[in-house]
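As a plain string of letters, each chain reads:
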Amino acid sequence: MALTPNMEDYLEAIYEIDRLKNAVRVKDVSAKLGVTMPSVNGALKNLEAMGLIRHERYEYIELTETGINQASKIANRHQVLFTFLRDILGVDGETAEEEACKIEHILSPGTMKKIAKYIEINRET
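Keep in mind that this is a model prediction, so the values were computed, not measured. (Residues numbered from 1 in each chain as written. Predicted model: local features only at pLDDT ≥ 70, side-chain atom pairs only at ≥ 80, totals over all residues. Heavy atoms only, no water.)

Caption draft 1: Spatial organisation of the overall build of the protein. Scanning the protein from N- to C-terminus turns up 6 helices and 2 strands. In the protein, the succession of helices and strands from N to C terminus is α-α-α-β-β-α-α-α. C-alpha atoms of the protein, sized along the principal axes, occupy 50 × 25 × 25 Å. Counting every position in the protein, which comprises 125 residues, the buried fraction comes to 34%. The long-range share in the protein, meaning contacts at least 24 apart out of those at least 6 apart in sequence, stands at 53%. Of the roughly 7,900 Å² that the protein leaves accessible, carbon and sulfur atoms contribute 51%. For the protein, the distance from the average site of its 16 positive side-chain charges to the average site of its 20 negative ones is 2 Å. (Helix = DSSP H or I, 4+ residues; strand = E, 2+ residues; numbered from the N terminus. Buried < 20%, exposed > 50% of the residue type's maximum accessible area, 1.4 Å probe, protein only. Contact = heavy atoms within 4.5 Å. Areas by Shrake-Rupley, 256 points an atom, 1.4 Å probe, with all protein chains shown as cover. Lys, Arg positive; Asp, Glu negative; His and termini not counted. Charge placed at Lys NZ, Arg CZ, Asp CG, Glu CD.)

Caption draft 2: Representation of the packing of aromatic side chains within the structure. Applying the stated rule across the entire model yields 1 aromatic pair. Seen in terms of ring centroids, Phe 84 and Tyr 118 are 6.0 Å apart; in terms of plane orientation they differ by 75 degrees. Their pairing is edge-to-face. Pair noted here: Phe 84 is in helix H4 (residues 65-88) and Tyr 118 is in helix H6 (residues 109-124), with a separation of 34 residues, a long-range link. On the basis of relative accessibility, which here comes to 18%, the residue Phe 84 falls in the buried class. For Tyr 118, a relative accessible area of 41% puts it in the partly exposed group. (Phe/Tyr/Trp six-rings, centres within 6.5 Å; stacked < 30°, edge-to-face > 60°.)

Caption draft 3: Summary view of the packing of helix H1 (residues 5-21) against helix H3 (residues 37-49). It is the contact of H1 with H3, at a shortest axis distance of 10 Å, that shows an interaxial angle of 95 degrees. Looking at the two axes, H1 sits roughly perpendicular to H3. Between H1 and H3, the residues in contact are Met 7, Tyr 10, Leu 11 and Ile 14 and Ser 39, Val 40, Ala 43, Leu 44, Asn 46 and Leu 47, respectively. Here the contact of H1 with H3 is composed, by residue class, of 8 nonpolar, 2 polar and no charged. (Axes fitted to C-alpha atoms, helices over the stretch in contact; angles between N-to-C directions. Parallel < 35°, antiparallel > 145°, perpendicular 65-115°, else oblique. Nonpolar A, V, L, I, M, F, W, Y, C, P; charged D, E, K, R; others polar.)

Caption draft 4: Summary view of the packing of helix H2 (residues 26-33) against H3. H3 packs onto H2 with a crossing angle of 110 degrees between their chain directions and a minimal axis gap of 9 Å. Comparing their axes, H3 and H2 come out roughly perpendicular. The residues of H3 that touch H2, namely those facing Val 26, Lys 27, Val 29 and Ser 30, are Met 37, Val 40, Asn 41 and Leu 44. A per-class count over the contact of H2 with H3 returns 5 nonpolar, 2 polar and 1 charged.

Caption draft 5: Quick peek at the side chain of Asp 28. Considering the arrangement of structural elements, one finds Asp 28 in helix H2. Asp 28 sits in the buried class, given a relative accessible area of 14%. Within the local environment of Asp 28, its side chain forms a polar contact with the side chain of Lys 21, the two groups lying 3.0 Å apart. (Polar contact = N/O pair within 3.5 Å; in protein donor to acceptor, adjacent residues only side chain to side chain.)

Caption draft 6: Summary view of the environment of Gly 110. Mapped onto the elements of the fold, Gly 110 is located in helix H6. Spatially, the C-alpha atoms of Gly 110 and Met 37 are 36 Å apart, while their sequence positions differ by 73 residues.

Structure below.
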């Protein structure tokens, strides 16, 4: 089963919350993504079936090693796109955040590398 853009958003949210709080609950993910707790529970079942998280009902959500690796790649893509939109193109922060979240799911790894390299080159000059 491949990760859908929606599932990537859940995984990224869990990763970001875990980095801030070291403990992730369903209600945290619900609040971050603006979705209902039953929606989060449904997504967690799929992520667990894919071996990306561990979660017992009413307990904390824990990323597996595979989940951490996958989530960090997603978060990195998001950050590269956000930086490109805000710092290179001059898009305001709120719009850059929203659009980075949408774009991160469709760009190929090759295109992402080129954008990251462009940012790197332009920061040096």
